[in-house]
Amino acid sequence: MCLITLSYRQHPDFPFILVANRDEFYARPTGDMQFWQDNSGILAGQDLEHQGSWLGLNTRGCFSAVTNYRKLNKHHTDQSNNKFLRSRGDLVRSALQSNNTSSAFLEQLETTKHQYGLYNLLNADRTGVYFSSNHGDKCRALRPGLYGLCNASLDTPWPKLRSAKQQLEALLTTDKIDIDQLKALASDRSVVEDKLLPNTGISMAWEKSLSAEFIALESYGTRAKTIILQHHDGNTLVCEQRYNQYGFVSESVFALDLTVFGSARDKFT
């Protein structure tokens, strides 16, 4: 997962709204979002190489999503392809399989987070919405607000992240929000000017290609867009749109009745 925008308690009807793009090589085998055969309580896509996921929910009312943290330079070696590290997709699978609260799961994760490549992790359940990582940021509960996450720390102002957040923010001011409106967000394929590009240690050509909200390269691109729209009564719509190098492929929509994410965390209201 490489671009996530999240509205948490910013709309009177929908306390949790998420739009997320997953960028990946087209050749990497992937299972569509569905209820898993080995755990029918989990709704998620699946990385068929390592059996983990980038984003999912479970029927107990837990949400989890992961992005990688892109940092390559002479002082910090790339962990993304280290065969001795555990797959980041295991984080989402483990979170959704856990019987603990999100905060308890993340507390336990502190002792093993070094075993993974650099990551950012969003988790949510009735106790709150949480952000954690293994590259310096402390695990924390999020206050109500509008957030964005890509391949740097939470709310790092990369151009595509600022743009995607602005799109969601504008939609929050309208009288009606629905899945179709959210599908249109984070869809800009424009790359940014060289002077605005972040420097994460990869080539400038690759940096520029990855600067679009929606990536469509020959072998790599936005493979899925996932939308979560949760009403304050717990009715939650989840939509996954799937793409390949030729364009849109298919979509699935699921309706769940869940405990509202963050409903038990009253001190921030």
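From a predicted model like this one, the values you see are computed outputs, not experimental measurements. (Residues numbered from 1 in each chain as written. Predicted model: local features only at pLDDT ≥ 70, side-chain atom pairs only at ≥ 80, totals over all residues. Heavy atoms only, no water.)

Engineer: Which parts of the structure should I look at to understand the pattern of salt bridges?
Structural biologist: Should the charged atoms of two oppositely charged side chains come close, the side chains can pair. Per the counting criterion, the structure on display carries 14 salt bridges. Between Glu-207 and Arg-70 there is a salt bridge, and its shortest N-O distance comes to 2.7 Å. Separated by 137 residues along the polypeptide, Glu-207 in helix 5 (residues 204-209) and Arg-70 in the loop between strand 6 (62-68) and helix 1 (89-97) bring together distant segments of the chain. Note on Arg-70: relative accessible area 13%, which makes it buried. In this structure, Glu-193 and Lys-195 form a salt bridge, with 4.0 Å as the shortest nitrogen-oxygen distance. (Salt bridge = Lys/Arg side-chain N within 4 Å of Asp/Glu carboxyl O. Helix = DSSP H or I, 4+ residues; strand = E, 2+ residues; numbered from the N terminus. Buried < 20%, exposed > 50% of the residue type's maximum accessible area, 1.4 Å probe, protein only.)

Engineer: Mind showing me how you'd approach the nonpolar core here?
Structural biologist: General note: in soluble globular proteins, nonpolar side chains tend to be found buried as a group. Phe-16, Leu-18, Leu-55 and Phe-63 are the most contacted members of the largest nonpolar core, which has 28 residues in total. Of all the secondary structure elements, the ones that give two or more residues to this core are strand 1 (3-8), strand 2 (16-25), strand 5 (55-58), strand 6, strand 7 (119-125), strand 8 (128-133), strand 10 (145-149) and strand 13 (247-257). When residues no more than four places from it in sequence are discounted, the contact partners of Phe-16 are Leu-6, Ser-7, Phe-63, Ala-124, Val-129, Ile-228, Leu-229, Gln-230 and Phe-261. By size, the runner-up hydrophobic cluster in this structure holds 23 residues, among which are Leu-3, Leu-168, Leu-172 and Ile-177. (Core = buried A, V, L, I, M, F, W, Y, C linked by side-chain atoms within 4.5 Å. Contact = heavy atoms within 4.5 Å.)

Engineer: I'm lost on the sheet that holds strand 1 in this one. Help?
Structural biologist: For sheets, the rule is that strands pair by backbone hydrogen bonds, running either parallel or antiparallel. The antiparallel open sheet is built from 6 strands, whose spatial order is 10-1-2-11-12-13. Both edges of this open sheet fall to strand 10 and strand 13, since each of them pairs with a single strand only. Within this sheet the neighbouring strands show an average axis-to-axis angle of 10 degrees, counted without direction. In terms of strand pairing, strand 12 (residues 235-244) meets strand 13 through 10 bridges, oriented antiparallel. Directly across from Asn-235, in strand 13, lies its bridge partner Asp-257. In the packing of helix 3 (residues 159-172) onto the sheet, contacts are made with strand 1, strand 2 and strand 10, and the angle to strand 1 comes to roughly 35 degrees. (Pairing = 2+ DSSP bridges. Axes fitted to C-alpha atoms, helices over the stretch in contact; angles between N-to-C directions.)

Engineer: Help me understand empty space enclosed by the protein, please; the structure alone is not making it clear to me.
Structural biologist: Rolled over the atoms, a probe sized like a water molecule indicates the empty space that remains. Across all of its chains, the model carries 1 cavity of 30 Å³ or more by this definition. The volume enclosed by the largest cavity comes to roughly 60 Å³. For the lining of the largest cavity, a count of residues per class yields 4 nonpolar, 1 polar and 3 charged. (1 Å grid on protein atoms, 1.4 Å probe; cavity = no way out; pocket = protein on both sides within 12 Å on 5 of 7 lines; lining within 4 Å. Points joined across faces, edges and corners; volume = space filled by probe spheres on them. Nonpolar A, V, L, I, M, F, W, Y, C, P; charged D, E, K, R; others polar.)

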